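What the coordinates show
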Amino acid sequence: QEGHRLEVINSTAVLGLGNRAGRILANIGANVVNVGTVDLPIPTCQIQVVAKAKNSLTVARVTQIFSCTILPKEDSGRAEILLTLGQDYAKKLGK
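The structure reproduced in this document is the subject of the present report. (Residues numbered from 1 in each chain as written. Predicted model: local features only at pLDDT ≥ 70, side-chain atom pairs only at ≥ 80, totals over all residues. Heavy atoms only, no water.)

**Some words on the sheet that holds strand E3 (residues 46–49)**
Taken together, 5 strands build an open sheet; the order of strands is E2-E1-E5-E3-E4 and the sheet is mixed. On the outer flanks of this sheet lie strand E2 (31–37) and strand E4 (69–72), each paired with one strand and no other. Strand-to-strand twist in this sheet, taken as the mean axis angle between neighbours without regard to direction, amounts to 20°. Inspection of the sheet shows strand E1 (residues 5–10) paired to strand E5 (residues 81–85) by 5 bridges, in the parallel sense. For isoleucine 9, the partnering residue across the bridge sits in E5 and is threonine 84. Those strands touched by helix H1 (residues 17–27) are E1, E2 and E5, and its axis lies near 155° from that of E1. Sheet strands touched by helix H2 (residues 57–66): E1, E3, E4 and E5. Its angle to E5, the strand with the most contacts, is close to 5°. (Pairing = 2+ DSSP bridges. Helix = DSSP H or I, 4+ residues; strand = E, 2+ residues; numbered from the N terminus. Axes fitted to C-alpha atoms, helices over the stretch in contact; angles between N-to-C directions. Contact = heavy atoms within 4.5 Å.)

In structure tokens form, the structure reads like this:
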């Protein structure tokens, strides 16, 4: 286990999608520290990652599962990895 903290944000209008993604990630061993929502939808999934976690197995697995764009993250804050679910993920699930 790498121990990188991961936060999941649901930017879609689909209730419970963030919690569902958080459970998937926890089941594969990710350290999910928070699941939340935002009111501003984004079109595609994004992962913001601090430099020290960029080449981690956690980021590779999240990218593989959610087909996300990787972006730099300035500071760790609550989590080293921030996954924001976009409209593309909701559509992929038929929601």
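**Digging into the side chain of serine 11**
With respect to the element layout, serine 11 can be found in the loop between E1 and H1. In terms of polar contacts, serine 11 uses its side chain to reach the backbone carbonyl oxygen of leucine 85, at 2.6 Å. Setting aside residues no more than four positions away along its own chain, serine 11 makes contact with Val38, Leu40, Pro41, Ile42, Thr84, Leu85, Gly86 and Gln87. (Polar contact = N/O pair within 3.5 Å; in protein donor to acceptor, adjacent residues only side chain to side chain.)

Without other data, these values stay purely geometric and don't point to any function.
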